Amino acid sequence: GAGVSQSPSNKVTEKGKDVELRCDPISGHTALYWYRQSLGQGLEFLIYFQGNSAPDKSGLPSDRFSAERTGGSVSTLTIQRTQQEDSAVYLCASSLAEYRGGYTFGSGTRLTVV
Amino acid sequence: EDQVTQSPEALRLQEGESSSLNCSYTVSGLRGLFWYRQDPGKGPEFLFTLYSAGEEKEKERLKATLTKKESFLHITAPKPEDSATYLCAVQAIGGKLIFGQGTELSVKP
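Just so you know, these numbers come straight off a predicted model, no measurement behind them. (Residues numbered from 1 in each chain as written. Chains lettered and ligands numbered in written order. Predicted model: local features only at pLDDT ≥ 70, side-chain atom pairs only at ≥ 80, totals over all residues. Heavy atoms only, no water.)

All names here are of chain A. Taken together, four strands build an open sheet; the order of strands is E1-E3-E8-E7 and the sheet is antiparallel. Edge positions in the sheet fall to strand E1 (5-7) and strand E7 (65-69), since each has one partner strand and no second. Across this sheet, the average inter-strand angle for adjacent strands is 15°, counted without regard to direction. Here strand E3 (residues 19-24) runs beside strand E8 (residues 75-79); their pairing, made up of five bridges, is antiparallel. The residue bridging Val19 from the neighbouring strand is Ile79, located in E8. (Pairing = 2+ DSSP bridges. Helix = DSSP H or I, 4+ residues; strand = E, 2+ residues; numbered from the N terminus. Axes fitted to C-alpha atoms, helices over the stretch in contact; angles between N-to-C directions.)

Take the pairing of strand E11 (residues 109-113) of chain A next. All names here are of chain A. Residues Thr109, Leu111 and Val113 line the buried face of E11, whereas the alternating positions Arg110 and Thr112 sit on a face that is not buried. Inspection of the sheet shows strand E2 (residues 10-13) paired to E11 by four bridges, in the parallel sense. Following the sheet pairing, Thr13 is matched in E11 by Val113. In this sheet, E11 lies alongside strand E9 (residues 88-95) in antiparallel orientation, the contact comprising three bridges. What sits directly across from Val89, in E11, is Arg110. (Buried < 20%, exposed > 50% of the residue type's maximum accessible area, 1.4 Å probe, protein only.)

A few words now on the state of the cysteines. Cysteine pairs can be covalently joined through their sulfur atoms, and such a bond is termed a disulfide. Residues and elements named next belong to chain A. If you walk through the whole model with that rule in mind, you get two disulfides over all chains. Residue pairing for Cys23: its cysteine sulfur links by disulfide to Cys92, the two sulfurs lying 1.8 Å apart. The chirality of the disulfide connecting Cys23 with Cys92 is left-handed, given an S-S dihedral of about -65°. One end of the pair, Cys23, is in strand E3; the other, Cys92, is in strand E9, with 69 residues separating them in the sequence. (Disulfide = S-S within 2.5 Å.)

Once that is clear, we can look at the sheet that holds strand E7 (residues 62-66) of chain B. Residue and element names in this part refer to chain B. With antiparallel pairing, the five strands of this open sheet are ordered in space as E1-E3-E8-E7-E6. The open sheet has two edge strands, strand E1 (3-7) and strand E6 (56-59), and neither has a second partner. Neighbour to neighbour, the strand axes of the sheet diverge by 15° on average, direction disregarded. Pairing of strand E3 (residues 19-26) with strand E8 (residues 70-75), which is carried by six bridges, proceeds in the antiparallel orientation. Across the sheet, the residue bridging to Ser24 is Glu70, located in E8.

Below, the discussion takes up the side chain of Gln37 of chain A. Assignment of secondary structure puts Gln37 of chain A in strand E4 (residues 31-37). Look at Gln37 of chain A and you get buried, because its relative accessible area is 14%. In terms of polar contacts, Gln37 of chain A uses its side chain to reach the side chain of Gln38 of chain B, at 3.0 Å. (Polar contact = N/O pair within 3.5 Å; in protein donor to acceptor, adjacent residues only side chain to side chain.)

Much of the literature gives interface size as the accessible area that the parts lose upon coming together. Residue-level contacts link 17 residues of chain B with 17 residues of chain A. Between chain B and chain A, a total of about 1,300 Å² is buried, with carbon and sulfur atoms accounting for 53% of that surface. Taken together, the connections running from chain B to chain A amount to one salt bridge. Close ionic contact of Lys96 of chain B with Asp56 of chain A constitutes a salt bridge, the shortest N to O distance being 3.6 Å. Only strand E4 (30-38), strand E9 (84-92) and strand E10 (97-99) of chain B provide two or more residues apiece to the side of chain B that touches chain A. Per-element tally for the side of chain B that touches chain A: the top contributor is E4 of chain B, with three residues. (Contact = heavy atoms within 4.5 Å. Buried area = accessible area lost by both parts, 1.4 Å probe. Salt bridge = Lys/Arg side-chain N within 4 Å of Asp/Glu carboxyl O.)

For the bond running from Ser7 of chain A to Pro8 of chain A, omega is -10°, close enough to zero to count as cis. Tracing the backbone shows Pro8 of chain A in the loop between E1 and E2. Omega for the bond connecting Ser7 of chain B with Pro8 of chain B falls within 30 degrees of zero, at -10°, which places this linkage in the cis form. Mapping Pro8 of chain B onto the fold places it in the loop between E1 and strand E2 (10-14). Here the phi dihedral of Arg81 of chain A falls at roughly 50°; this positive angle occurs in a residue that is not glycine.

What follows is the structure in structure tokens.
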């Protein structure tokens, strides 16, 4: 597509429920990144994909967080047993090659855990 | 530990009042320094990449400069449409971008 598409744009969930966040990168972009942005905070790196593999998962906060990418395209970030501290905007970005810095970001998914 | 600090946290300017935003960094092996603009409810939009000390890049009213320890984003004669949060990020050996907390710029007419 023309840009990075994320869905849903907003998600309100009850504490303890699982959520799935989707990212559809720019066609042809092999690298895909997930970041989290909490209120008043900078962007926090979560995970990076090159193709379907994830060479760097170092930013995932706990084992409740997981991500996968299929067909070198769409990625899903799953948060199990959500907690209130998981509330944030989850941003996805893609780039043509590994860690090329001019990432193109999506508009994010605003997750609210109540 | 790789770290990025931006100042000020917030900046209010009158239209036409030039100023600068600061990004100080400590990183082992800088591969690049990046500036992004973020509007409310949107993802960051790429502005510039700087790779070595002394490098400068310009785009409309914005000019980014880089030294060995910091980068400046100079805004000349800003307009209300320049209001946004400006994010700085460094890319270290290993690749991922490390972001600062941003400077929220407000330009009043």
